Amino acid sequence: TSLSVDQVSRTVQSMDQDKEYVGFATLPNQVHRKTVKKGFTFTLMVAGETGLGKSTLINSLFLTDLYKDRKVPNAEERIGQTVDIVKHTIGIEEKGIKLWLSIVDTPGFGDAVNNTASWKHVEDYIDQQFEQYFRDESGLNRKNIKDNRVHCLLYFISPFGHGLRPIDVECMKALHEKVNIIPLLAKADSLTHAEAYSKKSKIREEIKQFGINIYQFPECESDEDEDSKRQEQILKDSIPFAVIGSNIQVESKGRKFRGRSYPWGVVEVENPIHSDFLLLRNMLVRTHMQDLKDVTRETHYENYRAQCIQSMTRMMVQERKRRWVEPGPPPTPGRRRPLPLRKMQEVLERIQEQMQQSQRGSC
């Protein structure tokens, strides 16, 4: 049924109650509604040798069980094992907000006798996601582009060494221009407070010494309150995060919590005195998830995209020069022969091959 003139008039007046404003102040609400309806995506990669608690930490962070069917290889199987790339995607909903979370695991990383270039599979996977997004973005149908780019890499560092190992240095240096790296000091419950503090200081020094660019927390705005600035400084001082994971409910003094029980006492996963687990989860989910996505889009992907466009331009110029010397009717003065779509596709494929060869050569 159609509305009467009076009903329409009253509806319009109710929508325009405040006559002193035009109304564009509601734009954030419009964006919020549209974004919430669409949902969010986030891709997290984890890397580190077997036994450092990667799977347990991921399950603890997102209160899920992604690895219930996992088979852990024995020592003999790991001798010749290569690095695999395993992706899990789950939908999580919290207070009406939907998040499509993708976890990219790297079983076999650092487990072989010879770990030379074991990070190459990780690097190739990150580049493949950039390549796919670039192809989709350059295609005709750009309406429903899937963003599978890796937004964050949690890199697990063993607590049993004296800082970074050679494989840690080489891996992070190979990946730091392609992904946001957040280093983690694994199995913090195996260290005393003094040992954890010493190892974190040593790792920070070596990260700076070897020129590794890990994820940089954004600087606080001048108008932010002191509490926000203090929390941001705590995050910066906590790198690498000393973490513990557990999927087991432990009971102590009438309380139940996720933790680990030892003969000398109980470790609580979410106790800030025992580990940096809460700091990591709050940073990763509550405060910096969008910034991780922004840095991926505006810095890492843009660098990849710029390289592709430069290579494409160079090869198109070479192709055009070659076409000028080909036999055939002369072109109209002042006009250039257009490059056919098929040729464009061939150029794109040659660009990708050349970029992969140059990356292999640099390694």
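Everything numeric in this text was worked out from a predicted model, so none of it was measured.

1. Re the nonpolar core
Here comes step 1: Formed by 71 residues in total, the largest nonpolar core has its most connected members in Leu154, Ile182, Phe241, Leu280 and Leu284.
Here comes step 2: At 7 residues, helix α10 (residues 289-324) tops the list of elements feeding residues into this core.

2. Focus: a negative patch on the surface
Here comes step 1: Residues Glu221, Glu224, Asp225 and Glu226 make up a contiguous surface patch of negative charge.
Here comes step 2: Looking at where Glu221 falls in the secondary structure, it is placed in the loop between α7 (193-209) and α8 (226-238).
Here comes step 3: A relative accessible area of 49% places Glu221 in the partly exposed class.

3. Regarding the pattern of salt bridges
Pairs can form between side chains of opposite charge whenever their charged atoms are close.
Here comes step 1: For the structure shown, the criterion picks out 19 salt bridges.
Here comes step 2: In this structure, Asp124 and Lys120 form a salt bridge, with 3.5 Å as the shortest nitrogen-oxygen distance. Note that Asp124 and Lys120 are positioned in helix α5 (residues 120-138) at a spacing of 4 residues, about one turn of the helix.
Here comes step 3: Look at Lys120 and you get buried, because its relative accessible area is 16%.
Here comes step 4: Here Arg305 makes a salt bridge to Glu302, at a shortest N to O gap of 3.7 Å. Note that Arg305 and Glu302 are positioned in helix α10 at a spacing of 3 residues, about one turn of the helix.
Here comes step 5: Its relative accessible area of 29% is what places Arg305 among the partly exposed residues.

4. Let's talk about the UniProt feature "site: Important for dimerization" (unreviewed entry) in the protein chain
Here comes step 1: In this numbering, the UniProt entry assigns the feature "site: Important for dimerization" (unreviewed entry) to Phe160.
Here comes step 2: You can see Phe160 is positioned in the loop between β4 (152-157) and α6 (166-175).
Here comes step 3: On the basis of relative accessible area, Phe160 is assigned to the exposed category, the value being 60%.

The rules behind these values
Residues numbered from 1 in each chain as written. Predicted model: local features only at pLDDT ≥ 70, side-chain atom pairs only at ≥ 80, totals over all residues. Heavy atoms only, no water. Core = buried A, V, L, I, M, F, W, Y, C linked by side-chain atoms within 4.5 Å. Buried < 20%, exposed > 50% of the residue type's maximum accessible area, 1.4 Å probe, protein only. Helix = DSSP H or I, 4+ residues; strand = E, 2+ residues; numbered from the N terminus. Patch = residues over 30% accessible without salt bridge, like charges linked within 9 Å, V, L, I, M, F, W, Y side chains within 5 Å. Areas by Shrake-Rupley, 256 points an atom, 1.4 Å probe, with all protein chains shown as cover. Salt bridge = Lys/Arg side-chain N within 4 Å of Asp/Glu carboxyl O. Lys, Arg positive; Asp, Glu negative; His and termini not counted. Charge placed at Lys NZ, Arg CZ, Asp CG, Glu CD. UniProt positions renumbered as here; feature names shortened; annotations may be inferred.

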